[in-house]
Amino acid sequence: MLRRHTAAGRRAALTALGALALTGVTTAATAAPPPPAPASTAAQTLGADRPPAAVVRAMERDLKLKPGQAAERLVNEAEAGVRAGRLRNSLGKRFAGAWLRGATSAELAVATTHSNDVSAIQAQGAKAIVVKHPLAELQAVKDKLDKAATSANTRDTPVWYVDVPTNRVVVQAVKESAATAFIKTAGVQDQGVTVRVSAQRPRPLADLIGGDAYYIEGSARCSIGFSITKDTQQGFASAGHCGNAKDSTTGSNMAAQGTFQASTFPGKDMSWVSTNNTWTATADVEGEGGQRTQVTGSVQALVGASICRSGSTTGWHCGTIEQHDTSVSYSEGTVDGVTETTVCAEPGDSGGPYISGSQAQGVTSGGSGDCTDGGTTFYQPINPILSDFGLVLKTAAAQAGSPAPQDNGTATTWAAGRVYEAGSTVTHAGVRYQCLQSHQAQGKWSPGATPALWQRM
């Protein structure tokens, strides 16, 4: 039976950068606001109306919620994701981001660059924020920083990202002079980049700590992230810094387990291992006290949403999402596209799974701090892993044998197993739909049946 094992990987000093680019095409000021999707529909689709007990307990502990507030928040988050997707599509190029705020209520905030959009945003029950820069503009600035990082020394500027709630690009640096030099190298010194000085240097969480594990070539140890399938193969996704293609793995019982089929690090921090027939892929993730919770999909959560992580060193912990599409500078090179969170972690937690409600979000890449005083962690999102490697996430409700299309989502006809980004369009049963939330499609999640994920055009 394939279990979620926890891990240690290879060494590196890491930095993180973040931004989420979303663009659109409609002229929003005159567009009629789309009707809000029923909360119950979104919650039922994403499993938020029946949250795993382990997730609820950990959220109540780490987010300091009262009984009942965690379950209510998960329903609110699921429904808010639908409204954010509809507004992203209708606002188009004026869309400046969406996020959740409030410890218990998870209130949706949506930013636009045009005051005429305020009524449309409020009609969706969201707080309207009028800002100067559209998200695409901030993403373009962050992209210049990404390009500069390929040749610049980023040891003292470990993290940079688009801070959606403050409508700015931020460079986190050990000292201000290092940030100034990095910003100048990127040619964005006149584009409002903010410097945040911090002594923290994120690192991969890869020390050898006791607990359930899988071992790489008999020595290094890492965590199993999520079970996957590919054609007739089964296995699991994990972090790329854990091992290289063709490296062999053994399980926590030291029995032969599998082989790394692909690994990307740096650039991204992703890998997958195919396992032998003595291991069985399941939808399970180990939660609090060894109790298991099941994954039902991979719908990407919003900035500000609650998220929980499992790891062999520190167990089960929760927090919130800070930024998507962050870039992190390791000693081996930059890793792009990770997500920053307030969840704590410590060495030995690398590779383990992050989930929001019952939706898979990603695998542990690295971080700073600890679970005594608090910290910051970064995860490699699961959807790019599935898309890049042609994998199908093992879910509790998935139809068996759903193949992963090998066209990276370029085809226009909807198909189960393909990863769809928010804003992409498909045809299904002769009707055009636009994606509201990034996810890997499942057989039961056809566009016409899931208004929480698709909007009819």
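It should be noted that the structure appears before, not after, this text.
Structural notes, computed from the coordinates. (Residues numbered from 1 in each chain as written. Predicted model: local features only at pLDDT ≥ 70, side-chain atom pairs only at ≥ 80, totals over all residues. Heavy atoms only, no water.)

1. Overview of the pattern of salt bridges
In total, this model carries eleven salt bridges according to the counting rule given. Notably, a salt bridge pairs Lys 142 with Asp 146, separated by 3.0 Å at the nearest N-O pair. Remark: Asp 146 and Lys 142 occur in helix 5 (residues 135-149); sequence separation between them is four residues, near one turn of the helix. Across the pair Asp 325 and Lys 142 runs a salt bridge whose closest N-O atoms are separated by 4.0 Å. One end of the pair, Asp 325, is in strand 18 (residues 315-330); the other, Lys 142, is in helix 5, and 183 residues separate them in sequence. According to the relative accessible area criterion, Lys 142 is buried, its value standing at 1%. In this structure, a network of salt bridges that share partners links the residues Lys 142, Asp 146 and Asp 325. (Salt bridge = Lys/Arg side-chain N within 4 Å of Asp/Glu carboxyl O. Helix = DSSP H or I, 4+ residues; strand = E, 2+ residues; numbered from the N terminus. Buried < 20%, exposed > 50% of the residue type's maximum accessible area, 1.4 Å probe, protein only.)

2. As for the environment of Cys 435
Tracing the backbone shows Cys 435 in strand 26 (residues 431-435). The exposure class of Cys 435 is buried, given its relative accessible area of 0%. Taking the C-alpha atoms as reference, Cys 435 lies 5.4 Å from Ser 424; in sequence the two are eleven residues apart. When neighbours within four sequence positions are excluded, Cys 435 is seen to be in contact with Asn 89, Tyr 420, Glu 421, Ala 422, Gly 423, Ser 424, Leu 453 and Trp 454. (Contact = heavy atoms within 4.5 Å.)

3. A word on the environment of Ser 274
Position of Ser 274 relative to the elements: it lies in strand 14 (residues 270-275). C-alpha of Ser 274 to C-alpha of Ile 228: the two residues are 46 residues apart in sequence and 8.9 Å apart in space. With near-sequence residues (within four places) excluded, Ser 274 lies in contact with Gln 233, Gln 234, Gly 235, Gln 257, Gly 258, Thr 259 and Gln 261.

4. Examining the nonpolar core
If you look at the biggest cluster of nonpolar residues, it comprises 46 residues, and the most contacted ones within it are Met 59, Phe 226, Trp 316, Ile 385 and Trp 454. Top contributing element to this core by residue count: helix 2 (residues 53-62), with five residues. (Core = buried A, V, L, I, M, F, W, Y, C linked by side-chain atoms within 4.5 Å.)

5. A few points about the state of the cysteines
A full pass over the atoms with the stated rule returns three disulfides. In this model Cys 344 forms its disulfide with Cys 371; the gap between the sulfur atoms is 2.0 Å. Around the S-S axis, the bridge from Cys 344 to Cys 371 shows a dihedral of about 100° and counts as right-handed. Here the residue Cys 344 occupies a position in the loop between strand 19 (333-341) and strand 20 (353-356), and Cys 371 occupies one in the loop between strand 21 (359-370) and strand 22 (374-381), the gap between them amounting to 27 residues. The exposure class assigned to Cys 371 is partly exposed, which follows from its relative accessible area of 23%. (Disulfide = S-S within 2.5 Å.)

6. A short note on the packing of aromatic side chains
In the structure shown here, the tally under the stated rule is four aromatic pairs. On the numbers, 4.7 Å between centres and 35° between planes, the contact of Tyr 354 with Tyr 379 is tilted. Placement of Tyr 354 in strand 20 and of Tyr 379 in strand 22 is noted, with a sequence separation of 25 residues between them. On the basis of relative accessible area, Tyr 354 is assigned to the buried category, the value being 0%. With a centroid separation of 5.2 Å and 75° between ring planes, the pair formed by Tyr 420 and Trp 454 is classed as edge-to-face. Of the two residues, Tyr 420 sits in strand 24 (residues 419-420) while Trp 454 sits in strand 28 (residues 454-456), which places them 34 residues apart along the sequence. For the pair shown, Tyr 420 and Trp 454 are each scored as buried. (Phe/Tyr/Trp six-rings, centres within 6.5 Å; stacked < 30°, edge-to-face > 60°.)

7. Quick look at the sheet that holds strand 1 (residues 95-101)
With mixed pairing, three strands are arranged side by side in an open sheet as 1-2-3. Both edges of this open sheet fall to strand 1 and strand 3 (127-130), since each of them pairs with a single strand only. Within the sheet, the average angular offset between the axes of one strand and its neighbour, ignoring direction, is 20°. When strand 1 meets strand 2 (residues 107-112), the two strands line up antiparallel, connected through five bridges. Bridging across to strand 2, Leu 100 finds its partner in Leu 108. (Pairing = 2+ DSSP bridges. Axes fitted to C-alpha atoms, helices over the stretch in contact; angles between N-to-C directions.)

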